[in-house]
Amino acid sequence: MTRTLEATTTAPAAPSVGTRLRTLLFGRSAAIIALLVIVWIIASVSVDNFNTPNTLYFLILDVFPVLLIALPMTFVIITGEIDLSVASMVGLSSVTIGALFQAGVPVPAAVAAALVVGIVGGAVNGFLVTALGLPSLAVTIGSLALYRGIAVGILGTTAVTGFPDVFTDLVKERLFGRGTAIPTVLIVFIVLAIIAIVILHFTGTGRSTYAIGLNKEASAFSGINAGRLKFWFFVATGTVSALAGVFWTLRYDSARGDNAMGLELVVVAAVLVGGVSIFGGRGSLVGVIAGVLVIGALRSALRLADVSSDVINVATGLLLVVSVIVPSIITAIQRLVQRRRAAAAAS
Amino acid sequence: MSATTSRLAALVKRRETSVALAVIVVIVIATLFNSNFAFGSDGFRNLLLTPSILVLLAIAQAVVVITRNIDLSVSAVLGLSAYATGRMFTDWPGAPTILVIVLGILLGTGLGVINGLLVSVAKVPALVITLGTLYIYRGIDIAWAGSTRINASDLPSDFTAIGTGSLFGIPWLTVIALIAFAVLAYYLGYARSGRDLYAIGSNPDAAELYGLPVARRVFGTFVISGTLSGIAGVMYAARYATVSATAGSGMELDSVAAAVIGGVAIFGGSGTVLGAALGAVLLSTINRALPTVGIQDFWQQAVVGALIIGAIVLDRVLYTRAQRALTKERQSSSSEREGARS
Amino acid sequence: MTIPDTPPVLELRDVRKTFGSVVALDSGSLALSPGSIHALVGENGAGKSTLVKVIAGVHRRDSGSVTLAGSEVDFGSTADAKDAGIAVIYQEPTLFPDLTVAENVFMGRHPVRAGGAIDRHVMNEQTSALFERLGVSIDPSRQALGLSIADQQILEIAKAISLDARVLVMDEPTAALSGIEVKRLFTIARALRDEGRGIIFISHRFDEIFDLCDTVTVMRDGAYISTHNIDDVTPAEIVTRMVGRDVDTLFPKTEGTQPGDVVLSVENLGSPGTFSGITFTVREREIVGLAGLVGAGRSEIARAIFGIDDYASGVVRIDGNMLAKGNPRKAIAAGIGLVPEDRRQQGLIVDMSVARNMTLVIRRSLAKWGLMSSRSEYDRAHDGAAKLRVKAGSLESDAGTMSGGNQQKVVLAKWLATNPRLLIVDEPTRGIDVGTKAEVHRLLDELAQEGMAILMISSELPEVLGMSDRVLVVREGRLTAEFSRDEATSEAVMTAATRTEEAA
């Protein structure tokens, strides 16, 4: 009876095009894309050779591992967890390929084995975090040391090189022939990125991912199994990191235990710069991809400008700190303004 | 008698005891392989000397972690103050050694102040901030040093003497680490503001509600952490006498590992600097023992990783068991009550 | 008796506090005499908590005056309030679980030796002495982790005494206590009163208020209503002032419907330490009320049925089929919906948009070939919002920005979207305004008429009596009585909910 009362009076109206446009234009992802464009323009104008296909080609190859790992890392961080062991898994995957290749195993089989190692490594993290309820920060600092330790332990300081050209050329191939910008491997990323974007932004699983990060208890009351989802996200970071390890090994034709040392920090920095909240529940993949590219472009431009790689690290760190502080400052200002207004209204 | 036994039982149950025992076990095993490990001319000295720098970083980390924060920049602070110390000697010949030391330490303090301000004023999680400053400080270090390095010949002998000399057979560096440890242990255990740190880490909301000066205390822990890392940097320069831009890199994880292994809960509120210090001693000793027992030292990091994971799994198992015991206790007391009532 | 004679130790006049556009407290007034236990009553959302937080220094008032022992005060922090001699015991004690009991009492004010070192021996002894005075035995050197709620509250009181607080505020201290624990608390409260301290006591239980307090102040809709000498009023009069209307409002309950098949059947459900031997059924077209005191185990039973918590023994059946335990997803698939008691923590994700909250449970069925769009979510949410007349600026805004009543409608809409066979509602009208309350009641009745089985947990007796076809009473984890609609009177239900063992 009462429920059939005219709906129009009380039900909220559909958001106007203006509102949608505003969120689109002033949201976090938009800000980071704008930053990317600005960095790109400044670099093109002020740095010689920045805006050439070759630079872009190397830029993409350089950030490729970060691009890959940032995808599953985004899911992990949105659920309120973190995986610091990814770079170690790159190293372990690389060593797996190297050691097996050295023992005479054909490259495709070695690659498959490396991916299995990635799945297992991710599953171990996932098990410790979800089944035992341990804090992922501590667990993955442990597996960071463990996986890297196993990698370094197996190969020591030696490197395995001399992989067949078929494979090393494959990862360096350009999609549209000599002199063009797009490496063929980018297709791998594009496929994975589309899958990730669809899952995170257009499926129930994606909705659950955000829900877990925002309020674990309420999501349990909505029938969401946080443990299972997180477990698979850790498996995904392990697997994709192993894939990045395959790329790393073949690109540099070098399987070493210390490959990609410290890369976990670049990945986390890129995801956070891309607007994902370290507390979970917020962020988008478009922002993250833009975040990775901002860092990549910045590094590449500075390198071309003959700035040493160390100052580049300073820039990366500053970018990370600034990108997290600015929203904090904005909220603080908003709160201040609100308080002023309230005080003015009261008096 | 029962008080003594229960105190003894409590002592046995403490994490510090088991870590100390583990250190002894490692030393005994290594010494069985090679008696020089503990008894050789340099053996005993190294036993004390090797852990000192990591001990400083570990107790620095512990103070921060107890408040439910983390400082990943400790290794970069160490690197920067180590290089700055060396650089002051080369660029400023005839500088009073003590002044250089003080300035080197104060640089660490200053870097800690920056961390502290960013975390406590801007209210951004320490993990993110110190990850950023880890990059920044290390980057500044590398940019400043380039590929150059400080060599022993650049340093005055009275400075390097700190790294090699000893007091009653105990290396100076160990003495410094012990003093820093003792001061901090006293502060955390017996000063009101030190106890605040535990309260903040145990329940940050309650601490705020209770009126504890949360932001000021957290800021303070980062200053302590920076200062201790600065001391560690100066000690590093004195001990190794060669300082490159990568001095101490990766030690941020060792410091977290030492604290966690020593029983400092990663989410704050519990743990002691004694545990963290012992954790550091264990890690350093294992590191040195591996080649002695015939394992390539490449495996050292794997051992560290296994220890960290083992320690947190152990913590969880013990916690779950304690919780179960408490529930049972409460059930039996409530059924007693029922019985009494009927 | 004491009101006019002695000057108040704490007096609030027309205190106002707003958060953005929300007026949490419009004009709060209160005069607390020393040596008095002063009850503060009002419905949820009447502004009691905000008033307490202003007193405690958590919030700074926008306007109005607060005077403590005659002089105007304005606390900038909880530390200021504490220093001035005000101690607040919150509903959920705020302890430091990793620290010892004694340290929790003396945090920030530890007894020290010369030189500033904390003297743990003296601290433990002083704590023991405090506990002795309170007539309890808690080991001062044990960790606070694992203390029962009652002991935690004793600890908070010990803290207040050691501060020598002049004013003690207890915010629903008895909510989670058993009968004996309440008696112990009251003995302590009276002793403190006799020492000349002023106590503000917030409770929803009238028997307690009339047993313990000497004065009562009523609040409604963020404003002061009236203050009475406890001997001059009856519970009914207070309730009338609290709700601003007569108590016996008619509930929109359709009488004389015939219940259909059994939907939910619970057999011998048990979970050690929380409940045991729970057996009951809920049929189609039936509203079953689950009455009892807060903490009796009602919500825990609901959580176990829904699969949030595991249980040790017993069986849950839906339409005759056994339901796997510990699996909310299966419970939802079997046709159960649960509107939980804590709306902001459990019912909603306050930082998520209204539309997404409404469609979170049906996220899978909403997808086409596994894909979903904001559009489909929005349309579905729009239907739900229209049906329940949700008032929100935009379905895209965060659920946390809405009023309590609208939030509850969103939670209901979220579950109605699943077309449940059985709807469990836990405190469905807690903290929502009178108008929305009636709407929720009407909705529940309609749903039952349409064939849904409804299990309603409520601490409001009129609601239970007014809405239920049958009333089950839970006391200390056991079902102690079952009444038909005609048999269920407030006396009978209250007796079954509170009587002690000897009556059985």
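Position numbers for residues start from 1 in each chain and track the written sequence from start to end. Just so you know, chain letters begin at A and ligand numbers begin at 1, following the order they were written in. In keeping with the predicted nature of the model, local features appear solely for residues at pLDDT of at least 70, side-chain atom pairs appear and are counted solely at 80 or more, and the whole-chain, interface and lining totals rest on all residues. Side-chain calculation: all heavy atoms of the structure are included, whereas hydrogens and water are not.

### Focus: the overall build of chain A
Line of reasoning, step 1. Within chain A, the secondary structure is distributed over 14 helices and zero strands.
Line of reasoning, step 2. Along chain A, helices (α) and strands (β) appear in the sequence α-α-α-α-α-α-α-α-α-α-α-α-α-α when read from the amino end. Going along the chain from the N terminus, every DSSP run of H or I of four or more residues is numbered as a helix, and every run of E of two or more is numbered as a strand.

### Points about the pairing of strand β16 (residues 336-339) of chain C
Walk down a regular strand and you will see the side chains alternate between the two sheet faces.
Residue and element names in this part refer to chain C.
Line of reasoning, step 1. Neither face of β16 is left uncovered, since the one carrying Ile336 and Leu338 and the one carrying Gly337 and Val339 both have all their residues buried.
Line of reasoning, step 2. Judged from the four bridges that link them, β16 and strand β17 (residues 422-426) form a sheet pairing that is parallel. Its bridge partner being in β17, Val339 is matched across the sheet by Val425. The rule is simple: take the accessible area with a 1.4 Å probe, protein chains only, and divide by the maximum for that residue type; under 20% is buried, over 50% is exposed, in between is partly exposed. A pair of strands is considered paired only if DSSP assigns at least 2 bridges between the two.

### Topic: the interface of chain A and chain B
Line of reasoning, step 1. Residues are treated as being in contact if the distance between any of their heavy atoms lies within 4.5 Å. On the side of chain B, 36 residues touch chain A, which itself brings 42 residues to the contact.
Line of reasoning, step 2. Between chain A and chain B the total buried area reaches about 3,300 Å² when both faces are included, carbon and sulfur atoms providing 85% of it.
Line of reasoning, step 3. Each polar contact in these results corresponds to two N or O atoms within 3.5 Å; when the atoms are within protein, one needs to be able to donate a hydrogen and the other to accept it, and residues that are neighboring in sequence are counted only if both atoms are side-chain atoms. Where chain A packs against chain B, one counts five residue pairs in polar contact (both at pLDDT 80 or more).
Line of reasoning, step 4. Those elements giving two or more residues to the side of chain A that touches chain B turn out to be α6 (136-155), α12 (263-273) and α14 (309-346) of chain A.
Line of reasoning, step 5. Here the side of chain A that touches chain B gets 15 residues from one element, more than from any other, and that element is α6 of chain A.
Line of reasoning, step 6. For this scheme, ten residues count as nonpolar: Ala, Val, Leu, Ile, Met, Phe, Trp, Tyr, Cys and Pro. Four count as charged, namely Asp, Glu, Lys and Arg, and the remainder, Gly too, count as polar. Of the residues contributing to the side of chain A that touches chain B, the split by class is 28 nonpolar, eleven polar and three charged. Accessible surface is computed with a 1.4 Å probe, and the buried area is the amount of it that two parts give up when combined, taken over both parts together.

### Some words on the interface of chain A and chain C
Line of reasoning, step 1. On the chain C side, the residues contacting the 34 residues of chain A number 48 residues.
Line of reasoning, step 2. Summed over both sides, the interface between chain A and chain C buries roughly 3,600 Å², with carbon and sulfur atoms accounting for 56% of that surface.
Line of reasoning, step 3. By definition, a salt bridge exists where a carboxyl oxygen of Asp or Glu is found within 4 Å of a side-chain nitrogen of Lys or Arg. At the junction of chain A and chain C, the tally comes to two salt bridges.
Line of reasoning, step 4. With a shortest N-O distance of 3.9 Å, Asp351 of chain C and Arg282 of chain A are connected by a salt bridge.
Line of reasoning, step 5. Applying the counting rule to chain A against chain C returns seven residue pairs in polar contact (both at pLDDT 80 or more).
Line of reasoning, step 6. Elements with a minimum of two residues in the side of chain A that touches chain C: α8 (186-202), α9 (204-214), α10 (216-221) and α14 of chain A.
Line of reasoning, step 7. Considering each element in turn, the side of chain A that touches chain C owes the most residues, seven residues, to α9 of chain A.

### As for the sheet that holds strand β11 (residues 262-271) of chain C
Line of reasoning, step 1. Strand order in the open sheet made by the four strands is β12-β11-β14-β15 (chain C), with antiparallel pairing throughout. Each of the sheet's edge strands pairs with one partner strand only, and the pair in question is β12 (275-283) and β15 (321-322) of chain C.

### Brief notes about a nonpolar patch on the surface
All names here are of chain A.
Line of reasoning, step 1. Distance thresholds for patches are 9 Å for like charges and 5 Å for nonpolar side chains (Val, Leu, Ile, Met, Phe, Trp, Tyr), applied to residues having over 30% relative accessible area and no salt bridge. Here the accessible surface of atoms and residues is derived via Shrake-Rupley with a 1.4 Å probe, and residues count as covered only by protein chains that are part of the display. Together, Leu175, Phe176, Ile187, Val191, Ile195 and Ile199 make up an exposed nonpolar region whose accessible area comes to about 520 Å².
Line of reasoning, step 2. With respect to the helices and strands, Ile199 occurs in helix α8.
Line of reasoning, step 3. In this structure Ile199 comes out as partly exposed when scored by relative accessible area, which is 32%.

### Thoughts on the environment of Ile312 of chain B
Line of reasoning, step 1. Checked against the element boundaries, Ile312 of chain B lands in helix α16 (residues 300-341).
Line of reasoning, step 2. For the pair Ile312 of chain B and Ile266 of chain B, spaced 46 residues apart in sequence, the C-alpha separation works out to 8.9 Å.
Line of reasoning, step 3. Beyond its immediate sequence surroundings of up to four residues, Ile312 of chain B is in contact with Leu134, Ala138 and Val139 of chain A together with Val260 of chain B.

### Overview of helix α5 (residues 107-131) of chain A
All names here are of chain A.
Line of reasoning, step 1. One fewer than the residue count of a helix, multiplied by 1.5 Å, yields its expected span. In a regular helix each residue adds 1.5 Å, so 25 residues correspond to 36 Å; α5 covers 35 Å between its end C-alpha atoms and thus fits that length.
Line of reasoning, step 2. Along α5, the residues that are buried comprise Val107, Ala110, Val111, Ala114, Gly118, Gly121, Gly122, Ala123, Asn125, Gly126, Leu128 and Val129.
Line of reasoning, step 3. Positioned one or two residues after α5, Gly133 has a phi angle of 70°, which is positive.

### Considering a negative patch on the surface
Line of reasoning, step 1. Here Asp and Glu are counted as negative and Lys and Arg as positive; His is not counted, and neither are the chain ends. By convention, the charge on Lys lies at NZ, on Arg at CZ, on Asp at CG and on Glu at CD. On the surface, Glu217 of chain A together with Glu300, Glu341 and Asp342 of chain C cluster together to form a negatively charged patch.
Line of reasoning, step 2. Assignment of secondary structure puts Asp342 of chain C in the loop between β16 and α11 (343-347).

### Comments concerning unusual backbone geometry
Line of reasoning, step 1. Positioned with a positive phi, Asn49 of chain A is a non-glycine residue whose angle comes to about 65°.
Line of reasoning, step 2. Within the secondary structure, Asn49 of chain A is located in the loop between α2 (28-46) and α3 (53-78).
Line of reasoning, step 3. Its identity as a non-glycine residue notwithstanding, Glu427 of chain C has a phi of 50°, on the positive side.
Line of reasoning, step 4. With respect to the secondary-structure elements, Glu427 of chain C resides in the loop between β17 and α16 (434-449).

### So, the nonpolar core
Line of reasoning, step 1. In plain words, nonpolar cores are sets of buried Ala, Val, Leu, Ile, Met, Phe, Trp, Tyr and Cys residues tied together by side-chain atoms within 4.5 Å. Counting residues in hydrophobic clusters, the biggest one holds 219 residues, and the most contacted among them are Phe189 and Leu263 of chain A, Leu56, Ile59 and Ile70 of chain B together with Phe96 of chain C.
Line of reasoning, step 2. Tallying contributions element by element places α3 of chain A first for this core, with 17 residues.
Line of reasoning, step 3. Leave out the neighbours within four places in its chain, and Phe96 of chain C touches Ala199, Ser202, Asn203, Ala206, Ala207, Tyr210 and Leu212 of chain B together with Asn104, Met107 and Ala144 of chain C.
Line of reasoning, step 4. Within the second largest apolar cluster, 66 residues are counted, among which are Leu264, Val282, Val390 and Met452 of chain C.

### Comments concerning the pattern of salt bridges
All names here are of chain A.
Line of reasoning, step 1. What the rule picks out here adds up to 37 salt bridges over all chains.
Line of reasoning, step 2. When the shortest N-O distance is used, the salt bridge between Asp62 and Arg251 registers 2.9 Å. Placement of Asp62 in helix α3 and of Arg251 in helix α11 (residues 226-252) is noted, with a sequence separation of 189 residues between them.
Line of reasoning, step 3. Classification of Asp62 by relative accessible area gives partly exposed; the value is 30%.

Geometric descriptors of this kind do not, in isolation, establish any biological role.
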